[in-house]
Amino acid sequence: MSNSTLPTILTAQPAETGKPAAGTPAAAPLPPPAGRTTRDWSRLVKLDWLLLPAVGLAAVVVMWFILSATLSKDLPNPTRTWESSKPYVVEPFSYRGELDQGILRFTWLSLVLVAKGYVIALALGTPLGFLLGLSKMMTKMLDPIIQILRPVSPLAWLPLGMVLFLGAGKQASELAALFTIAICAMWPTVLNTAVGVRAIPQDYLNVAKVLKLSRWKTLTKVMIPATLPYMFTGFRLSLGIAWLVIVAAEMLTGRPGIGGFLWQQYNALVYEQIILCILTIGIVGFILDRLMSVVERRFKTA
Amino acid sequence: MSAYCELFNLTKVYPSPKGPAVIVKDFNLRLAEGEFVTLIGHSGCGKSTVLSMVAGLNGITDGGIILAGRELAGPGPDRGVVFQSPSLLPWLTAFENVMLGINQVFFTAQPHEREQIAEYYLSVVGLADAMHKRPAELSQGMRQRVGIARAFALKPKMLLLDEPFGMLDSLTRYELQAVLLELWRKNRITTLMVTHDVDEALYLSDRVVCMTDGPEAEVGDIIEVKFPRPRDRKAVMEHPDYYPLRERLIEFLEIHAHRRRPPTA
Ligand SMILES: Nc1ncnc2c1ncn2[C@@H]1O[C@H](COP(=O)(O)OP(=O)(O)OP(=O)(O)O)[C@@H](O)[C@H]1O
Ligand SMILES: [Mg+2]
């Protein structure tokens, strides 16, 4: 209550808290405290980057402990998860059997599969996007189909893929997985490319017209470079989806990989590695997204 | 006068919700070879429409355009175009932007000859040191210099300029007018230029064509500008005919401002 009589001190206080030596708040010149506050503030912000995520992480781990001790007794707690996951993490490249490999080895297998499916998605999605962006007729013809196919889950596509490649024998499961990854992942590329093509400034197209560039040159010298930033946004989103699909694809086909491992351990009632797999999938997905957005940003500024 | 370029009964009609809108009607103009003609008129009267029809970027509703004995159909590199915005491709350097057209037009020339052409014109417009920069690294005025170099480098039969200096500050504008005039004097390319600026029109052109206000805009008045060439801005402005001509142009624009018809007419 006594503070209320000295409002000037109140306003000066935030700057003074770190420095007990400053004894005469009223007489202190204003600029230095102001400078110090901004510096303290920036140091705080820097700490925020480390401290707050750490706090969040700690909170989740605590929740996990509590949950595994109370509501869900089958959920392994963090220490148990770590202890039983350790061999997979400490020897990330070991090979003890097809479905018993180090975590990075599994990740690598999954990444290879995703890369193949992703390349197919881009190879199909980019031209399709161009077609849609260039032709109103194509848009009218295909847009309803795309809108219907786009929200279909990978779990629904996979059986269709299996049926499609039934005749392929041993290759069937890989082909079905690739089919599923490609068809689920291509839509962001298709749609973003189409938007990008429609957004090409008329000025650029006029340059091509005035110079009478051939169709091929118009495409390669003007339209594709002008659409690249949009295309890369699509590519990034597509990669995210491709990685999302991998787990479903591997689960259902029983292929070795991070998703296949997850499913196998669940079936073998070894729950500890499920969480390891989830974390790995999340981290890899995050890294992929970061990498793609670096590429994407480079094209945005160009 | 033997016409090198002739616009006859040029007409543009846009469909609109309230029926067809006749923007330009029976626009007739003949340009001699090597002549510099400016088109002046109120905003929205249809100057850009006329110019883009000559460029072939805008469809012609009726009438036609003859250039060097041939009726034009569609766009082509025989007409160099410079718009208010320089419309450079941002992912190419200034040099590459110019080369894009040169490769297209002089495809029979040796690669190093083509490069020399681009380098020559970029140097003439004052970009010798900046020709390998991207448009984003160039100032607005420098970009417009690239646009001018690109247009001249293709040795077009005709030059079409739509307010090319409209977005520049007046100092840059003066510089670029001089650059343009110098290039034009050396190459004598028949030029049709749209401008809002009465002084620019008088400084640059042989004739100033005043357009009436739209809709149904046509040629209103044509003013001959006979200042001796090569021109110097100061000499032009001190010429005894300068202010009478300027007055006449402004008077025309003012009278037609008052005579603007409602769009329903
Ligand atoms: N694509 C279009 N569809 C319908 N009307 C149009 C179209 N383009 C231009 N117009 C109309 O034609 C008229 C003339 O336009 P234009 O751009 O030629 O004028 P302008 O004389 O160049 O004007 P400014 O000096 O402002 O550049 C305007 O009234 C405009 O609204
Ligand atoms: Mg205009």
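This text goes with the structure placed above it.
Residues numbered from 1 in each chain as written. Chains lettered and ligands numbered in written order. Predicted model: local features only at pLDDT ≥ 70, side-chain atom pairs only at ≥ 80, totals over all residues. Heavy atoms only, no water.

Novice: Just to check I follow, could you spell out the overall build of chain B for this structure?
Specialist: Secondary structure summary: chain B contains 8 helices and 10 strands in total. In terms of C-alpha radius of gyration, chain B reaches 19 Å, essentially the compact-globule figure of 18 Å for 265 residues. Expressed as lengths along the three principal axes of its C-alpha atoms, the size of chain B is roughly 55 × 45 × 40 Å. Across the 265 residues in chain B, those meeting the buried criterion constitute 52%. Across chain B, the fraction of contacts at a sequence separation of at least 24, relative to all contacts at a separation of at least 6, is 70%. A gap of 2 Å separates the mean positions of the 30 positive and 33 negative side-chain charges of chain B. (Helix = DSSP H or I, 4+ residues; strand = E, 2+ residues; numbered from the N terminus. Rg over C-alpha atoms; globule rule 2.2 N^0.38 Å. Buried < 20%, exposed > 50% of the residue type's maximum accessible area, 1.4 Å probe, protein only. Contact = heavy atoms within 4.5 Å. Lys, Arg positive; Asp, Glu negative; His and termini not counted. Charge placed at Lys NZ, Arg CZ, Asp CG, Glu CD.)

Novice: I tried to follow the overall build of chain A on my own but got confused; where do I start?
Specialist: Per the secondary structure count, chain A includes 11 helices and 0 strands. Starting at the N terminus and walking to the C terminus, you meet the elements of chain A as α-α-α-α-α-α-α-α-α-α-α. The buried share of chain A, taken over its 302 residues, is 38%. A sequence separation of at least 24 residues applies to 65% of the contacts in chain A between residues at least 6 apart. With an accessible surface of roughly 17800 Å², chain A has 71% of that area assigned to carbon and sulfur atoms. (Areas by Shrake-Rupley, 256 points an atom, 1.4 Å probe, with all protein chains shown as cover.)

Novice: Explain the pairing of strand β8 (residues 190-195) of chain B to me, please; I cannot follow it from the model alone.
Specialist: Side chains on a regular strand alternate between the two faces of the sheet. All names here are of chain B. The buried fraction of β8 is high, at 6 of 6 residues. Here β8 shows a buried face lined by T190, L192 and V194 and a second buried face lined by T191, M193 and T195. One ladder, built from 5 bridges, connects strand β3 (residues 36-40) with β8; its direction is parallel. Bridging across to β8, L39 finds its partner in V194. Where strand β7 (residues 158-162) and β8 come together, 5 bridges link them in parallel fashion. In the strand pairing of β8, D162 is matched with V194. Read from β7 through helix α5 (residues 170-187) to β8, the crossover connection turns out right-handed. (Pairing = 2+ DSSP bridges. Right-handed = clockwise from strand over helix to strand, strands pointing away.)

Novice: Quick question: what am I supposed to make of the pairing of strand β2 (residues 21-31) of chain B here?
Specialist: Residue and element names in this part refer to chain B. Bridge analysis of strand β1 (residues 5-14) against β2 gives 7 bridges, and the strand direction is antiparallel. By the bridge assignment for β2, V13 is matched with V22. Between β1 and the antiparallel strand that follows it, β2, lie 6 residues; G19 among them carries a positive phi value of about 90 degrees.

Novice: I would appreciate a short explanation of the site of ligand 1 in the present structure.
Specialist: Residue and element names in this part refer to chain B. As a structural note, the neighbourhood of ligand 1 is formed by Y14, I23, H42, S43, G44, C45, G46, K47, S48, T49, E163 and H196. At a separation of 2.7 Å, an oxygen atom of ligand 1 approaches a polar backbone atom of G44. Protein chains shield 57% of the accessible area of ligand 1, which is 630 Å² for the free molecule. Considering each element in turn, the shell around ligand 1 owes the most residues, 3 residues, to helix α1 (residues 47-55). (Near = heavy atom within 4 Å. Polar contact = N/O pair within 3.5 Å; in protein donor to acceptor, adjacent residues only side chain to side chain.)

Novice: Explanation requested: helix α4 (residues 140-153) of chain B in the structure shown.
Specialist: Helical geometry note: an α-helix holds 3.6 residues per turn, so side chains three or four residues apart project in the same direction. All names here are of chain B. Across its 14 residues, α4 extends 20 Å between first and last C-alpha, which sits within 8% of the 20 Å expected from 1.5 Å per residue. Across the 14 residues that make up α4, a large majority, 11, are buried. All of the buried residues in α4 are G141, Q144, R145, V146, G147, I148, A149, R150, A151, F152 and A153. Remark: K155 follows α4 within two positions and exhibits a positive phi of approximately 45 degrees. (Expected span 1.5 Å × (residues − 1).)

Novice: Teacher, can you tell me more about the environment of T81 of chain A here?
Specialist: Residue and element names in this part refer to chain A. Looking at the element boundaries, T81 is found in helix α3 (residues 78-90). Through-space distance from the C-alpha of T81 to that of Q273 is 6.9 Å; in sequence the pair is 192 residues apart. T81 has contacts with W64, P76, E272 and I275, leaving out every residue within four places of it along the chain.

Novice: Hey, could you run me through the pattern of salt bridges in this one?
Specialist: In a structure, side chains of opposite charge can pair up when their charged atoms sit close to one another. Residues and elements named next belong to chain A. By the definition in use, this model includes 16 salt bridges over all chains. Note that E174 is salt-bridged to K116, the shortest N-O span being 2.9 Å. With a gap of 58 residues between them, E174 in helix α7 (residues 172-198) and K116 in helix α4 (residues 103-134) connect regions that are remote in the sequence. With a closest N to O distance of 2.4 Å, R236 and E296 form a salt bridge. (Salt bridge = Lys/Arg side-chain N within 4 Å of Asp/Glu carboxyl O.)

Novice: Would you take a moment to explain the nonpolar core for this structure?
Specialist: A general trend in soluble globular proteins is that nonpolar side chains are found buried together. Ranked by internal contacts, the top residues of the largest apolar core, which has 113 residues, are F152, L180 and L202 of chain B. Top contributing element to this core by residue count: helix α9 (residues 215-253) of chain A, with 14 residues. Setting aside anything within four residues of it in sequence, one finds L202 of chain B in contact with V208, V225, F227, R231, Y242, L245, R246 and L249 of chain B. Among the nonpolar cores identified, the runner-up in size contains 30 residues, and L10, L29, C45 and F83 of chain B belong to it. (Core = buried A, V, L, I, M, F, W, Y, C linked by side-chain atoms within 4.5 Å.)

Novice: Help me understand helix α2 (residues 94-105) of chain B, please; the structure alone is not making it clear to me.
Specialist: The terminal C-alpha atoms of α2 of chain B lie 17 Å apart, and with 12 residues this matches the ideal 16 Å at 1.5 Å per residue to within 8%. Among the residues of α2 of chain B, A94, F95, N97, V98, M99, L100, G101, I102 and Q104 of chain B are the ones counted as buried. Looking at the buried side of α2 of chain B, the elements it contacts are α8 (202-210) and α9 of chain A together with α3 (111-124) and α4 of chain B.

Novice: Please clarify how the packing of aromatic side chains should be interpreted in this entry.
Specialist: Across all of its chains, the model carries 11 aromatic pairs over all chains by this definition. Judged by centre distance (6.0 Å) and plane angle (80 degrees), the rings of W157 of chain A and F179 of chain A are edge-to-face. A residue pair is termed long-range when its members are at least 10 positions apart, and W157 of chain A in helix α6 (residues 154-164) and F179 of chain A in helix α7 qualify at 22 residues. F179 of chain A carries the same exposure label as W157 of chain A, and that label is buried. Arranged with centres 6.2 Å apart and planes meeting at 35 degrees, the rings of F227 of chain B and Y242 of chain B form a pair that is tilted. With F227 of chain B in the loop between β10 (219-224) and α7 (233-238) and Y242 of chain B in helix α8 (residues 242-258), the pair connects residues that are 15 residues apart, well separated along the chain. Both residues of the pair, F227 of chain B and Y242 of chain B, count as buried. (Phe/Tyr/Trp six-rings, centres within 6.5 Å; stacked < 30°, edge-to-face > 60°.)

Novice: Can you walk me through the sheet that holds β7 of chain B in this structure?
Specialist: Hydrogen bonds between backbone atoms are what pair the strands of a sheet, whose relative direction is either parallel or antiparallel. Residues and elements named next belong to chain B. Read across the open sheet, the 6 strands follow the order β6-β7-β8-β3-β9-β10; overall the sheet is mixed. Edge strands, defined here as strands with exactly one partner in the open sheet, are β6 (79-82) and β10. Sheet twist, expressed as the average angle between the axes of neighbouring strands with direction ignored, equals 15 degrees. With respect to the sheet, α4 is in contact with β6 and β7, its orientation differing from that of β6 by roughly 175 degrees. (Axes fitted to C-alpha atoms, helices over the stretch in contact; angles between N-to-C directions.)

Novice: Help me out: how do you make sense of the sheet that holds β2 of chain B in this one?
Specialist: Residue and element names in this part refer to chain B. Across the sheet, which stays open at both edges, the 4 strands sit in the order β2-β1-β4-β5 with antiparallel pairing between neighbours. Among the strands making up the open sheet, the edge pair consists of β2 and β5 (70-71). Strands in contact with α1 are β1, β2 and β4 (62-67); relative to β1, the strand with the most contacts, it is inclined by about 115 degrees.

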